[in-house]
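Listed below are the residues making up each chain.
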Amino acid sequence: MAQRMFGTNGVRGVVNDDMNTDLALQMGKAIGKFFGGKVAIATDTRVSGDMIKSAVCAGLMSVGCDVRDLGILPTPAIQYHIKTSDKIVGGVMITASHNPPEFNGIKCIDFDGTEMPREKEEKIEILYAGKISTMPWNEIGVLETYEGADEEYIDAVISHVDVDLIKKAKLTAVVDCANGAAYRTTPMMMKKLGVRAITLNADAQGEFPGHPSEPTEDNLADLIALTGSVKADVGIAHDGDADRAVFVARKGKKGYYMPGDKSLAIVAKTIVRDLGGGQVVTPVSSSSMVEEVVKDAGGSLIYTAVGSPVVARRMMKEGAVFGGEENGGLIFADHQYCRDGAMSIAKILEGIAKYGSLYNQVEELPVYHVDKRKIECPNNRKESLIEYMKETFSEGNEVDTTDGLKIIFDDGGWVLLRPSGTEPIFRIYSESKDEGLSKQRAAQFEKVADDFMNGL
Ligand code: MG
């Protein structure tokens, strides 16, 4: 077996340390051998983007692949370009998403614009580990630059919403692009939708001087304050490569940071309600709030393991209308089978135009309480811990082993135990409509697991 290079979001590392030009060149060759045709490439705004991209391009061309350079783009925009271009057989996105500015990464995109399934990444890893033959001088690939992928992408996004309705609502939005890949596309979309946009951090400054590029509540203090003080209809933020979007609703003069499960639930509800039904796909870690609103709207829910490629592929298989994760990554079947930040924004804006204040929509959601904890567990004991917990808690309760162990109680509350793929820890999520109960169950699971680990 070749060494595992691809994590859940591509190959990532610190620039000129483990993410360097030697790696990028060899990766380019391996990816080129794998695709064997014309490859599209794009970067987010990181200062190292051109360096890593140049090395990947050199590798691609040395094995005979032509390259189409799309410039700086959100990840879903290069995905859309690949999906809709006949001559492009695959793609490479140079991004480290929400990681700090010293990081960069190489992410492969499949021929249809979806994230690469693991089996294909393994093939690239095997090629990477070996010696790769290059082409004679007169058979190497050529590089072309392509402008306009940004506008084609935004036009596609807005074709899925009622533009006139949004225009008529005369909305105001505060938009925080984190100086990342959406710095042009999202303001462009606002203009096309007739939304008055006040932008923050909308420069291609790859050092992320405004705030770190993970859209957490702490990092978005300016956005939250401004959304309230200018009385905007919504505040919007992206992560570095804009496959995700998070939202700030407004209550009076105050901004309210919406956790990702609430935007997931609101969009799921809107889509199922508008279509009069349909299937929604989400991982087992998502709040039951999503299931409740989807069922109330006449739809049904399918649970998967955690990870957006898993959600996307299950959506394709089942013909689901929508899917997503609680980190703000939403997937729209009528647009494309990958997380799409701009599409999430367009849908939320349409929802405000149709159904009114975003904060009121939040208040209509059912309330669930979550207690999250983690316990240490060496990787070699993870399986035995899961087995033990299953034996201890399965009696009289529903058991779901889609990802880790989920124990579902009679009252609808549940506890999920998930081993981390990267760290020697287990995560415990306990959810219930009763706050005390969610806490009590989390504590009980923590204690039973701890005792087992300590041999008690
Ligand atoms: Mg991202």
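None of the values given here were measured: they were computed from a predicted structure.

Colleague: Sorry if this is basic, but what is going on with the overall build of the chain here?
Modeller: Check the secondary structure of the chain and you find 15 helices and 21 strands. For the chain, whose C-alpha radius of gyration is 23 Å, the value lies close to the compact-globule estimate of 23 Å for 456 residues. Seen along its three principal axes, the alpha-carbon backbone of the chain occupies a region of about 70 × 60 × 40 Å. For the chain, the proportion of its 456 residues judged to be buried stands at 55%. Within the chain, residue pairs in contact and separated by at least 24 positions form 69% of the contacts whose partners lie at least 6 positions apart.

Colleague: When you look at the domain arrangement of the chain in this model, what are you seeing that I'm missing?
Modeller: As a measure of interface size, the accessible area lost when the parts come together is often cited. According to the domain assignment, the chain consists of domain 1 (11-148), domain 2 (168-257), domain 3 (260-363) and domain 4 (369-453). On a C-alpha basis, the centres of domain 2 and domain 3 stand 21 Å from each other. Every contact between the two is made by 21 residues of domain 2 and, on the other side, 19 residues of domain 3. Considering only the surface of domain 2 that becomes buried against domain 3, Asp 243, Arg 244 and Phe 247 emerge as the three largest contributors, covering 31% of it. Connecting domain 2 to domain 3 are 1 salt bridge. At the surface where domain 2 touches domain 3, the tally comes to 6 residue pairs in polar contact (both at pLDDT 80 or more). Among the elements that take part in the side of domain 2 that touches domain 3, strand β10 (residues 245-251) stands out by supplying 6 residues, more than any other. Taken together, the residues of the side of domain 2 that touches domain 3 break down into 14 nonpolar, 2 polar and 5 charged.

Colleague: I'm lost on the side chain of Thr 304 in this one. Help?
Modeller: In this structure, Thr 304 sits in strand β13 (residues 300-304). Sequence-distant contacts of Thr 304, defined by excluding residues within four places in its chain, comprise Val 281, Thr 282, Pro 283, Val 284, Val 310, Val 311, Arg 314 and Thr 402.

Colleague: Quick question: what am I supposed to make of the packing of helix α3 (residues 75-84) against helix α5 (residues 149-158) here?
Modeller: Each pair of packed helices can be described by the angle between their axes along with the distance between the axes. Axis separation between α3 and α5 bottoms out at 9 Å; the angle between their running directions is 90 degrees. With respect to α5, the element α3 is oriented roughly perpendicular. Here Pro 76, Ala 77, Tyr 80 and His 81 of α3 come into contact with α5, specifically with Ala 149, Glu 152, Tyr 153 and Ala 156. Of the residues contributing to the contact of α3 with α5, the split by class is 6 nonpolar, 1 polar and 1 charged.

Colleague: How should I be thinking about the coordination of the magnesium ion in this particular structure?
Modeller: Reference geometry at the metal: tetrahedral coordination by four donors gives ideal angles of 109.5 degrees; octahedral coordination by six donors gives 90 or 180 degrees. Looking at the magnesium ion, the protein donor atoms are Ser 97 (OG), Asp 239 (OD), Asp 241 (OD) and Asp 243 (OD), and they sit 2.0 to 2.2 Å from it. As a motif over one chain, the donors of the magnesium ion read S-x141-D-x1-D-x1-D. The same class applies to Asp 239 and to Asp 243, which are both buried.

Colleague: So what exactly am I meant to see when it comes to helix α11 (residues 308-318) here?
Modeller: Side chains of residues three or four places apart in an α-helix project in the same direction, reflecting 3.6 residues per turn. When α11 is considered as a whole, its buried residues turn out to be Ser 308, Val 311, Ala 312 and Met 315. The buried residues of α11 occupy an angular sector of 95 degrees when the element is viewed end-on, so they sit on one face. Residues of α11 that are buried in the fold lie against β12 (279-283), β13, β14 (322-324), β15 (330-332) and β16 (336-339). At the C-terminal side of α11, Gly 319 shows a positive phi close to 70 degrees.

Colleague: Looking at this structure, I do not really get helix α2 (residues 49-62). What am I missing?
Modeller: Taking 1.5 Å as the rise per residue, α2 with 14 residues should run 20 Å; its terminal C-alpha atoms sit 20 Å apart, in good agreement. Burial of α2 is extensive: 10 of the 14 residues sit out of reach of the surface. What α2 keeps buried is the set Gly 49, Ile 52, Lys 53, Ala 55, Val 56, Cys 57, Gly 59, Leu 60, Met 61 and Ser 62. The inward-facing, buried residues of α2 contact α1 (21-35), β2 (38-43), β3 (67-72), β4 (88-94), β5 (103-109) and β6 (143-145). Two residues or fewer after α2 comes Gly 64, characterised by a positive phi angle close to 100 degrees.

Colleague: What am I meant to see in the state of the cysteines here?
Modeller: Covalently bonding the sulfur atom of one cysteine to the sulfur atom of another cysteine gives a disulfide. Inspection of every chain in the model, using the stated rule, returns 0 disulfides. A disulfide-free cysteine, Cys 108 has its sulfur positioned 11 Å from the sulfur of Cys 65, the nearest such atom. By relative accessible area, which is 3% here, Cys 108 ends up buried. Cys 108 supplies the cysteine sulfur nearest to Cys 338, a cysteine that is in no disulfide, at a spacing of 15 Å. Judged by relative accessible area, which is 2%, Cys 338 ranks as buried.

Rules of the game
- Throughout, a residue's number is its position along its own chain's written sequence, starting from 1.
- Whole-chain, interface and lining totals are the exception, using all residues; otherwise, since this is a predicted model, local features are given only for residues with pLDDT of at least 70 and side-chain atom pairs are given and counted only at 80 or more.
- Each side-chain value is derived from all of the structure's non-hydrogen atoms; neither hydrogens nor water enter the calculation.
- Under the DSSP-based scheme used, a helix requires at least four consecutive residues in state H or I and a strand at least two consecutive residues in state E, with every element numbered from the N terminus.
- Two things to know: the radius of gyration comes from C-alpha atoms, and the globule rule equals 2.2 Å times the number of residues to the power 0.38.
- Partly exposed describes any residue whose relative accessible area lies between the buried limit of under 20% and the exposed limit of over 50%, with all areas from a 1.4 Å probe on protein chains only and scaled to the type maximum.
- Throughout, a residue-residue contact means that at least one pair of heavy atoms, one from each residue, lies within 4.5 Å.
- All the domain ranges listed were derived from an automatic or database domain assignment.
- As a working definition, buried area equals the accessible area (1.4 Å probe) given up by two parts on being put together, with both sides summed.
- Salt bridges are defined by distance alone: a side-chain nitrogen of Lys or Arg within 4 Å of a carboxyl oxygen of Asp or Glu.
- Any pair of nitrogen or oxygen atoms within 3.5 Å is treated as a polar contact; in protein, a donor-acceptor pairing is required on top of that, and neighbouring residues in sequence qualify only through side-chain atoms on both sides.
- In the scheme used here, Gly and all other residues not listed as nonpolar or charged are polar, with Ala, Val, Leu, Ile, Met, Phe, Trp, Tyr, Cys and Pro taken as nonpolar and Asp, Glu, Lys and Arg as charged.
- Axes here refer to lines fitted to C-alpha atoms; in helices the fit is confined to the stretch in contact. Angles between the N-to-C directions go from 0 to 180 degrees.
- When an angle is under 35 degrees it counts as roughly parallel; over 145 it counts as roughly antiparallel; between 65 and 115 it counts as roughly perpendicular; any other value is oblique.
- Water is absent from the atoms considered, so a metal site may look incomplete; donors are defined as N, O and S atoms within 2.8 Å of the metal, or 3.2 Å for Na, K and Ca.
- What the arc covers is the set of directions going from the helix axis to the C-beta atoms.
- Helices are assigned an expected span. That span is 1.5 Å times one less than the residue count.
- Here, a disulfide means two cysteine sulfur atoms that sit within 2.5 Å of each other.

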